[in-house]
Amino acid sequence: MQNSLPEPRNPFFRERILEQLTRQEFMKHIHCRLTTIEPAHVIAEIELGAMHRQQSGLTHGGVIATIADVAAGFAGFSLIAEDQQMVTADIKVSYYYPAVGHRLRADGKVLKHGSTLSFCEADIYSLGANNEALLVARATATMAIVKAPTA
């Protein structure tokens, strides 16, 4: 038996997600962009460069964890109301292969969404020279739904 996910509570969820991303200076710094924004599904991408590598020349595990968090978190964020925010309560990343391609892509989706928590996951792919995708990591995340701060 499969649970169905609720419809977005904010009809302008795409615009709100893009606005939230522009307020994240770290995402700008690492050149993270969202290429798909759908209800309960977000894809994030980073064109990889020297700034994303660790000492051995591989993509840093923190970059992989970050893009997983963004994709999974915004997938959950797509379902919340305008007066709510979403924050990461827990995230676990399992690394399968080194990420050595030219682009990193995280495919985030919601598994189960409730009134206070959203259970999400993200598959992280490294794209090579011919855009072949290798699954390099998978993240599972619990996102907490909180009241948005008032200005």
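These notes cover the structure that comes with them.

Looking at the nonpolar core
Side chains of a nonpolar character, in soluble globular proteins, are inclined to be buried together.
Item 1. Cys32, Leu34, Ile46, Ile67, Phe74, Leu104 and Ile124 are the most contacted members of the largest nonpolar core, which totals 40 residues.
Item 2. Counting only elements with at least two residues in this core, the list comes to α1 (13–22), β1 (32–38), β2 (41–47), α3 (61–77), β3 (84–95), β4 (103–113), β5 (117–127) and β6 (133–147).
Item 3. Non-local contacts of Leu34, meaning those with residues more than four positions away in its chain, are made with Ile17, Leu21, Val42, Ile43, Ala44, Val70 and Phe74.

Side note on the environment of Ile80
Item 1. Topologically, Ile80 is positioned in the loop between α3 and β3.
Item 2. Residue Ile80 is classed as buried on the basis of its relative accessible area, which comes to 1%.
Item 3. Sequence separation between Ile80 and Leu135 is 55 residues; the distance between their C-alpha atoms is 29 Å.

Observations regarding the sheet that holds β3
Item 1. Pairing within the open sheet is antiparallel, and its 6 strands lie in the order β1-β2-β4-β5-β6-β3. Each of the sheet's edge strands pairs with one partner strand only, and the pair in question is β1 and β3. Sheet twist, expressed as the average angle between the axes of neighbouring strands with direction ignored, equals 25°.
Item 2. Relative to β6, β5 runs antiparallel, the two being bridged by 11 bridges. Following the sheet pairing, Tyr125 is matched in β6 by Leu135.
Item 3. The strands touched by α1 within the sheet are β1 and β3, with β1 carrying the most contacts at an inclination of about 165°.

Thoughts on α3
Item 1. Its 17 residues place the ends of α3 24 Å apart at the C-alpha level, agreeing with the 24 Å of an ideal helix rising 1.5 Å per residue.
Item 2. The element α3 is largely enclosed, with a buried count of 13 among its 17 residues.

What to know about the packing of aromatic side chains
Item 1. Here the structure, examined in full by the defined rule, presents 1 aromatic pair.
Item 2. Residues Phe74 and Phe77 carry aromatic rings whose centres are separated by 5.7 Å and whose planes lie at 85° to one another, so their mutual orientation is edge-to-face. Pair noted here: Phe74 and Phe77 are both in helix α3, with a separation of 3 residues, about one helical turn.
Item 3. Judged by its relative accessible area of 6%, Phe74 is buried.
Item 4. Accessibility expressed as a relative area gives 4% for Phe77, which makes it buried.

What counts and how
- Residues numbered from 1 in each chain as written.
- Predicted model: local features only at pLDDT ≥ 70, side-chain atom pairs only at ≥ 80, totals over all residues.
- Heavy atoms only, no water.
- Core = buried A, V, L, I, M, F, W, Y, C linked by side-chain atoms within 4.5 Å.
- Buried < 20%, exposed > 50% of the residue type's maximum accessible area, 1.4 Å probe, protein only.
- Helix = DSSP H or I, 4+ residues; strand = E, 2+ residues; numbered from the N terminus.
- Contact = heavy atoms within 4.5 Å.
- Pairing = 2+ DSSP bridges.
- Axes fitted to C-alpha atoms, helices over the stretch in contact; angles between N-to-C directions.
- Expected span 1.5 Å × (residues − 1).
- Phe/Tyr/Trp six-rings, centres within 6.5 Å; stacked < 30°, edge-to-face > 60°.

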